[in-house]
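Residues per chain, in single letters:
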Amino acid sequence: MTDISYVQHDKEARFGDYIALLKPRVMSLVVFTAFVGLVVAPDPVHPFVGFVAILFIALGGGASGALNMWYDADIDRIMRRTQSRPIPEGRISEREALAFGLVLSGISCVMLALATNIFSGLFLAFTIFFYVVIYTMWLKRATPQNIVIGGAAGAFPPMIGWAVSTGGISVESVAMFLLVFLWTPPHFWSLALFMKADYDEAKVPMLTSTHGRRVTRKNVLVYTLVLAPLAVATGFTSIGGPLYLATAIVMNALFIKGAIAIYSRTEVQAEADKYAVEKRFFYFSLIYLFAHFAALLAEAGLSHIGLGVW
Amino acid sequence: MAITRDSDLHIRRFSRNAGLGLVLLAFVGIVFGLTIAKVERGDKMEAYDHQPRTSVLPPAPADPAKEGTAQ
């Protein structure tokens, strides 16, 4: 009997390749912020329902990651950072990634709607649509402000978490949205300043190459200055409190200080110390976001045991 | 030793199939868990089933005029 094995064996997709399509690292941010959004919301959620909700929000985020890799396969083949993804490596075909992303999008939205409420399911569907159609297909390749638009997609999960509990939107959930939304540009552009990525070859407009590094530094500062008062003001909403307020004041003071340092440097100075200030600002931005959401979580915990202040 | 030799394809795809099997089992577990959680919370379990039933009809609006004559 002859074997019809014309498939290249070393390129066959393994289970891990499908996991890689879901962008697990992005998913961890989605899980964390959606969890905080759900826990700080006023209406209690059954623990198992909450767990399932976070799971399907994460799956929806993963599905949009797979759809993003389907659409951006041409870019991913060119850029060194993304060449080892499953589609450029030829382990998963583009059609298969598209089908995988669409099916998981459907499952996650329907399951979230059934497990919690219709509004949350629709909100998740909108988030996937926003990330895949508005960001990936439309604006990513059209404007150097693409990071800002992509940031909006990444900022929806805490709002969905809130919607799982309350079935709607409120000032608090919009505040959490703005926190992630306005944090993304300084976070990403500080990375773009020291990571000489090959976006130019892939023809993706990045602020550093379309408007230059001087403008990028200015943009980091402007977004940080807009972010700071909003981050602190969140402390005066029902999800805030003295602990959050103290955290926000310290974190934002440091963040503004770092942004001013980035703004006042020239490229020559940055080259001289190998972008030490930019790198420090980027790593601090991760701590910044984590600290804010951890403080919100702590405030929810305090008010749960009767120590909430407002 | 097994009587039949496993097909090469089956050996290569074992990790993928095992992974998918576990995912499907987990999905069954989730749906079952959700059922338990919703029953515990006392959610409405009946829905429209192509036949009108009094248990799922909205309560009739109180008619003060009728209430008066009935007594």
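Residues numbered from 1 in each chain as written. Chains lettered and ligands numbered in written order. Predicted model: local features only at pLDDT ≥ 70, side-chain atom pairs only at ≥ 80, totals over all residues. Heavy atoms only, no water.

## Thoughts on the overall build of chain B
Keep this limit in mind: We count a stretch as a helix when DSSP gives it H or I for four or more residues in a row; a strand needs E for two or more, and each element gets its number in order from the N terminus. Think of it in three bands: residues with accessible area under 20% of the maximum for their type are buried, residues over 50% are exposed, and the middle band is partly exposed, with areas taken using a 1.4 Å probe on protein chains only. For every accessible area listed, the method is Shrake-Rupley and the probe measures 1.4 Å; residues are considered covered only by the protein chains on display.
From N to C terminus, chain B includes 3 helices and 0 strands. Ordered by position in the sequence, the α and β elements of chain B form the string α-α-α. Out of the 71 residues belonging to chain B, those deemed buried represent 8%. Carbon and sulfur atoms provide 64% of the accessible area of chain B, an area that totals close to 6,400 Å².

## Some points on helix α2 (residues 14-41) of chain B
What counts is decided by this rule: One fewer than the residue count of a helix, multiplied by 1.5 Å, yields its expected span. By definition in these notes, contact holds between two residues if any of their heavy atoms fall within 4.5 Å.
For α2(B), spanning 28 residues, the distance from its first C-alpha to its last is 40 Å, which sits close to the expected 40 Å at 1.5 Å a residue. Within the sequence span of α2(B), burial applies to B:Gly19, B:Ile30, B:Gly33, B:Leu34, B:Ala37 and B:Lys38. Buried residues in α2(B) make contact with α1 (15-21), α3 (47-71) and α5 (94-115) of chain A.

## Some remarks on the layout of surface pockets
Condition: Using a grid of 1 Å spacing that covers the protein atoms alone, one calls a set of points a cavity when a 1.4 Å probe fits there but cannot get out, and a pocket when the set is open and has protein on both sides within 12 Å along at least five of seven lines; lining residues are those with an atom within 4 Å of a point. Grid points are joined across faces, edges and corners, and a volume is the space filled by probe spheres set on the points. Only Asp, Glu, Lys and Arg are considered charged, only Ala, Val, Leu, Ile, Met, Phe, Trp, Tyr, Cys and Pro nonpolar, and every remaining residue, Gly among them, polar.
Put simply, the second largest pocket is a space of about 790 Å³. Taken together, 23 residues line the second largest pocket, and the ones lying closest to its centre are A:Leu59, A:Phe100, A:Leu104, B:Leu20 and B:Val23. Those elements that provide at least two residues to the lining of the second largest pocket are α1, α2 (24-40), α3 and α5 of chain A together with α2 of chain B. Considering each element in turn, the lining of the second largest pocket owes the most residues, 8 residues, to α2(B). Partitioning the lining of the second largest pocket into residue classes produces 20 nonpolar, 1 polar and 2 charged.

## Focus on the confidence of the model for chain B
As a reminder of what qualifies: As a per-residue measure, pLDDT reflects the predictor's confidence and takes values from 0 up to 100.
When pLDDT is averaged across chain B, the result is 79; 77% of the residues are at 70 or more. Mean pLDDT values over the elements of chain B span from 55, in helix α3 (residues 64-70) of chain B, up to 92, in α2(B).

## Brief notes about the interface of chain A and chain B
Test applied: Summed over both partners, buried area is the accessible surface (1.4 Å probe) that two parts give up on being assembled. Polar contact criterion, stated in full: a pair of N or O atoms within 3.5 Å, where within protein one must be able to donate a hydrogen and the other to accept it, and residues adjacent in sequence count only if both atoms are side-chain atoms.
With 17 residues of chain A at the interface, the matching set in chain B holds 18 residues. A buried area of about 1,500 Å², summed over both sides, lies between chain A and chain B, and 63% of it is on carbon and sulfur atoms. Where chain A packs against chain B, one counts 4 residue pairs in polar contact (both at pLDDT 80 or more). Every element with two or more residues in the side of chain A that touches chain B is listed here: α1, α3 and α5 of chain A. Among the residues making up the side of chain A that touches chain B, the classes are represented as 12 nonpolar, 2 polar and 3 charged.

## Let's talk about the environment of A:Leu296
Residues and elements named next belong to chain A. Among the structural elements, Leu-296 can be located in helix α13 (residues 276-304). For Leu-296, a relative accessible area of 0% translates into the label buried. Sequence separation of Leu-296 and Leu-29 is 267 residues, and the distance between their C-alpha atoms is 15 Å. If near-sequence neighbours (up to four positions away) are discounted, Leu-296 is found in contact with Val-36, Val-40, Met-176, Ile-239 and Tyr-244.

## A few points about helix α10 (residues 212-233) of chain A
Residue and element names in this part refer to chain A. An ideal rise of 1.5 Å per residue puts 32 Å on 22 residues; α10 measures up with 33 Å between its terminal C-alpha atoms. Listed in full, the buried residues belonging to α10 are Arg-213, Thr-216, Arg-217, Asn-219, Val-220, Leu-221, Tyr-223, Thr-224, Leu-227, Ala-228 and Ala-231. On its buried side, α10 packs onto α7 (146-166), α8 (171-194), α9 (207-210), α11 (242-263), α12 (267-272) and α13.

## Concerning the pattern of salt bridges
Residues and elements named next belong to chain A. In plain terms, the rule: What makes a salt bridge here is a side-chain nitrogen of Lys or Arg within 4 Å of a carboxyl oxygen of Asp or Glu, nothing more.
Scanning the model with the defined rule gives 12 salt bridges over all chains in all. Put simply, Arg-91 and Asp-17 hold a salt bridge, and the shortest N to O gap is 2.8 Å. Of this pair, Arg-91 sits in the loop between α4 (73-78) and α5 while Asp-17 sits in helix α1; the two residues are 74 residues apart in sequence, bridging distant segments of the chain. For Asp-17, a relative accessible area of 8% translates into the label buried. Note that Arg-141 is salt-bridged to Asp-74, the shortest N-O span being 2.9 Å. Linking Arg-141 in the loop between α6 (118-139) and α7 with Asp-74 in helix α4, this pair joins segments that are 67 residues apart in sequence. Given a relative accessible area of 38%, Asp-74 falls into the partly exposed group. Bridged by salt links that share partners, the residues Arg-213, Arg-217, Arg-265, Glu-267, Asp-273 and Glu-278 form one connected network.

## A short note on the side chain of A:Glu278
Locating A:Glu278 in the fold gives a position in helix α13. When near neighbours in sequence (up to four residues on either side) are disregarded, A:Glu278 contacts A:Ser190, A:Leu193, A:Phe194, A:Arg217, A:Ile262, A:Arg265 and A:Ala270.

## Remarks on a nonpolar patch on the surface
Residue and element names in this part refer to chain A. Short version of the rule: What makes a patch is a set of residues exposed beyond 30% relative accessible area and free of salt bridges, joined within 9 Å when like-charged and within 5 Å when nonpolar (Val, Leu, Ile, Met, Phe, Trp, Tyr).
Together, Phe-126, Phe-129, Val-133, Met-137 and Trp-138 give the surface a local cluster of nonpolar side chains, amounting to about 470 Å² of exposed area. Counting through the fold element by element, Phe-126 comes out in helix α6. A relative accessible area of 38% means that Phe-126 is categorised as partly exposed.

## Comments concerning the environment of B:Leu20
On the secondary structure map, B:Leu20 appears in helix α2. Considering only alpha carbons, one finds B:Leu20 and B:Lys38, 18 residues apart in sequence, at a separation of 27 Å.

## A closer look at the domain arrangement of chain A
All names here are of chain A. Heads up, the rule is: Here the bounds of each domain stem from an automatic or database domain assignment.
Domain annotation for chain A reports domain 1 (19-166) and domain 2 (170-310). Domain 1 puts 30 residues into the contact, and the matching count from domain 2 is 32 residues. For the domain 1 and domain 2 pair, buried surface summed over both sides reaches about 2,700 Å², with 79% attributable to carbon and sulfur atoms. Ranking the residues of domain 1 by area buried against domain 2 places Pro-144, Ile-147 and Trp-162 at the top, with a combined share of 22%.

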